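Architecture at a glance
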Amino acid sequence: MAADETTSIVSPIAGRVHIYFDDGEIASTLKALRLEEPGRKPQVFVPIEAVHPGILELSETRKKEPGKGEAHYYTIKTLTADGPDEAWYYPYADGAYGPIRDLITFGGERVKVSVSDV
């Protein structure tokens, strides 16, 4: 089912969100948002400042997504592994998706998300 902006929900996540790639923490924040869309796995978005320095390398990949606009991708680079195009953000998101504008999300089998109490 395609995403429908009117049924998409963006909400804050209570607690500290930790993003792991290849079992190493690459981001941590108290300001994460969850995007829930019909027929899709929820996505967690974090401010770019929450990502550890030197982890992201800008990619030339761009993809259009209904409602969210154009996604701009990053490659995750750590000492142990690379994750091509496994991080992205929406610089032009608006409407129901406006709160996720310029926040970054992650995907791929080596990405794990956990939430801890503050």
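In what follows, the structure referred to is the one given above.
Just so you know, the residues in each chain are numbered from 1, in the order the chain's sequence is written. Owing to the predicted nature of the model, reporting of local features is limited to residues with pLDDT of at least 70; listing and counting of side-chain atom pairs is limited to 80 or more, with chain, interface and lining totals taken over all residues. Here the side-chain values reflect all heavy atoms present in the structure, with hydrogen atoms and water set aside.

Where strand 2 (residues 16-21) and strand 3 (residues 24-29) come together, 5 bridges link them in antiparallel fashion. Bridging across to strand 3, isoleucine 19 finds its partner in alanine 27. Here the rule is simple: two strands pair whenever DSSP picks up at least two bridges between them. A run of H or I in DSSP counts as a helix once it spans at least four residues, and a run of E counts as a strand once it spans at least two, with each numbered from the N terminus. Between the end of strand 2 and the start of strand 3, which pair antiparallel, lie 2 residues, with aspartate 22 showing a positive phi angle near 55°.

Glancing now at the sheet that holds strand 3. Strands sit in the order 3-2-10 across an open sheet of 3 strands; the sheet is antiparallel. A single partner strand is all that each edge strand has here, and the edge strands are strand 3 and strand 10 (111-116). The average angle at which neighbouring strand axes cross in this sheet is 25°, direction not considered. With 6 bridges joining them, strand 2 and strand 10 adopt antiparallel strand pairing. In the strand pairing of strand 10, histidine 18 is matched with serine 114. All axes here are fitted lines through C-alpha atoms, helices being fitted over the stretch that makes contact, and every angle between N-to-C directions spans 0 to 180 degrees.

All right, on to the environment of phenylalanine 106 then. Its location among the elements puts phenylalanine 106 in strand 9 (residues 104-106). Summary of the burial criterion: residues with accessible area below 20% of their type's maximum are buried, those above 50% are exposed, and those between are partly exposed, where the area comes from a 1.4 Å probe applied to protein chains only. Taking relative accessible area as the criterion, phenylalanine 106 reaches 10% and is therefore assigned buried. In this structure, the C-alpha to C-alpha distance between phenylalanine 106 and proline 42, residues 64 residues apart in sequence, is 11 Å. The contact definition used throughout considers only heavy atoms, calling two residues in contact when any of these lie within 4.5 Å. With sequence-adjacent residues up to four places away left out, phenylalanine 106 is seen in contact with Ile19, Ile26, Val44, Val46, Val51, Leu56, Ile76, Glu86, Ala87, Trp88 and Val111.

Whenever a carboxyl oxygen of Asp or Glu lies within 4 Å of a side-chain nitrogen of Lys or Arg, that contact is scored as a salt bridge. Taken as a whole, this structure holds 6 salt bridges when the rule is applied. The shortest N-O distance in the salt bridge between glutamate 37 and arginine 40 comes to 3.4 Å. Between aspartate 82 and lysine 77 there is a salt bridge, and its shortest N-O distance comes to 3.2 Å. A single salt-bridge network, built from bridges that share partners, covers Glu37, Arg40, Glu65 and Lys68.

The nonpolar side chains of a soluble globular protein tend to be buried with one another. Buried residues of nine kinds, namely Ala, Val, Leu, Ile, Met, Phe, Trp, Tyr and Cys, make up a nonpolar core once their side-chain atoms join them within 4.5 Å. Counting 20 residues, the largest nonpolar core has Ile19, Val46, Ile76 and Phe106 as its most contacted members. The set of elements that each furnish at least two residues to this core consists of strand 2, strand 3, strand 5 (43-46), strand 7 (69-77), strand 8 (82-89) and strand 9. No other element matches strand 2, which puts 3 residues into this core. Leu35, Tyr90, Tyr97 and Ile100 belong to the second-largest nonpolar core, a separate cluster that totals 11 residues.

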